[in-house]
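Descriptive structure summary
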Amino acid sequence: GEDVEQSLFLSVREGDSSVINCTYTDSSSTYLYWYKQEPGAGLQLLTYIFSNMDMKQDQRLTVLLNKKDKHLSLRIADTQTGDSAIYFCAESIGPGGATNKLIFGTGTLLAVQP
Amino acid sequence: NAGVTQTPKFQVLKTGQSMTLQCAQDMNHEYMSWYRQDPGMGLRLIHYSVGAGITDQGEVPNGYNVSRSTTEDFPLRLLSAAPSQTSVYFCASRQGVVGNTIYFGEGSWLTVV
C-alpha cells in the first residue's frame, strides 16, 4: 500500500539544527518532496530529491534519502523562528510522467523557541 | 503571473447544498489536481487532470465532481455537501514532467453545518 509517515511535532531552539523524518512504503517512488506550510497559507515547495540520489543540499536545507530503509529526512541548519511551520513529506507514485500522483504524510509541526 | 488562484477562501455551507470551488492557473500547466487537508490525515488527492478534457479520480473522489474544459481552469464541485466534507481544499498545478515544481493555491476553508 501507499503510506507516508511522519512524527507530528518537533521543538528546537533558535540556532540549532532541526531534523524532520519521514518513512514511506512504496518502493516505486520516483521523486520525494518536502513542502512547508505556514499558518493560514498554502503549501510551498522547499526541495525535492530524485529516488536515485542519496543526498541533496540547498543552502540551509539538506535532504537525505535511504532508499533501502525507505527513509527520508530534512535537516534545517541554523533554525530560525521563521522556520516555524508544518513540514510535509510527499512521495510521487507511478511509472513516471504526468499521471504520477503525490502521497503526502500527515505533516510535522516544527516549533522554534527563541 | 498570478500562479494558482483559488476562490472562495472561506465558505460555510448547509448540509445538502451544492457549490463549486474555483481554481485557475496562468502558467499553462498541463497537470492540475485537488487535495483536501484534514487534521492528522495529511493531504489526500480528490481528483486530477493531465490536460484539457481529461480527468481522473484520486484517493477520495466520492461526493466531488471535476471538469477541465480549458487548460487554465479546474473547478471542484460538491454535489450535496455533507459535514464530512468540512476541510481545507488545495488546488495544485505543475508542468507535465514529474519533478517539476508543483504550485499550490492558498487553500479554501470549507465548513459544512
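Preceding this paragraph is the structure being described.
What you see as residue numbers is a count from 1 along each chain, following the sequence as written. Chain letters and ligand numbers both follow the written order, the letters beginning at A and the numbers at 1. Owing to the predicted nature of the model, reporting of local features is limited to residues with pLDDT of at least 70; listing and counting of side-chain atom pairs is limited to 80 or more, with chain, interface and lining totals taken over all residues. Side-chain numbers come from the whole structure's heavy atoms, not from hydrogens or water.

**Quick look at the overall build of chain A**
Check the secondary structure of chain A and you find zero helices and 11 strands. The linear arrangement of helices and strands in chain A, starting from the amino end, is β-β-β-β-β-β-β-β-β-β-β. Within these notes, the globule rule equals 2.2 Å times the number of residues to the 0.38 power, and the radius of gyration is based on C-alpha atoms. Whereas a compact globule of 114 residues would reach a radius of gyration of roughly 13 Å, chain A reaches 14 Å, a difference of no more than 12%. Each principal axis of the C-alpha distribution contributes one length, and for chain A these read about 45 × 30 × 20 Å. Considering chain A as a whole, with its 114 residues, one finds that 46% of them fall into the buried category. Pairs at least 24 apart in sequence give 56% of the contacts found in chain A among residues at least 6 apart. Note on areas: these come from Shrake-Rupley sampling with a 1.4 Å probe, and a residue is covered only by the protein chains present in the view. Only carbon and sulfur atoms are counted for the fraction: they give 50% of the accessible area of chain A, which is about 5300 Å². Between the averaged position of the 9 positive side-chain charges in chain A and that of its 13 negative side-chain charges there is a distance of 3 Å. A run of H or I in DSSP becomes a helix once it reaches four residues, and a run of E becomes a strand once it reaches two; helices and strands are each numbered from the N terminus. Only protein chains enter the accessibility calculation, which uses a 1.4 Å probe. A residue is then buried if its area is under 20% of the maximum for its type, exposed if over 50%, and partly exposed in between. Working rule for contacts: check all heavy atoms of both residues, and any pair within 4.5 Å makes them a contact. His is not counted, nor are the chain ends; Lys and Arg add positive charge and Asp and Glu add negative charge. A charged residue contributes its charge at one atom only: NZ of Lys, CZ of Arg, CG of Asp or CD of Glu.

**Section: the interface of chain A and chain B**
Chain A puts 24 residues into the contact, and the matching count from chain B is 23 residues. Buried area: the sum, over both parts, of the accessible surface (1.4 Å probe) that disappears when the two are put together. Taken together, both faces of the contact between chain A and chain B bury some 1900 Å²; the carbon and sulfur share is 61%. Salt bridges are defined by distance alone: a side-chain nitrogen of Lys or Arg within 4 Å of a carboxyl oxygen of Asp or Glu. Connecting chain A to chain B are zero salt bridges. Definition of a polar contact: a pair of N or O atoms within 3.5 Å, with one able to donate and the other able to accept a hydrogen when the atoms are protein atoms, and with sequence-neighbouring residues admitted only if both atoms are side-chain atoms. Inspection of the region where chain A meets chain B yields one residue pair in polar contact (both at pLDDT 80 or more).

**Things to note about the pattern of salt bridges**
Per the counting criterion, the structure on display carries six salt bridges over all chains. With its nearest N and O atoms 3.6 Å apart, the salt bridge here joins A:Lys68 to A:Asp69. The class of A:Lys68 is exposed, set by a relative accessible area of 74%. Across the salt bridge formed by B:Asp38 and B:Arg36, the nearest N and O atoms sit 2.9 Å from each other.

Note that all results are geometric; they support no functional claim without further evidence.
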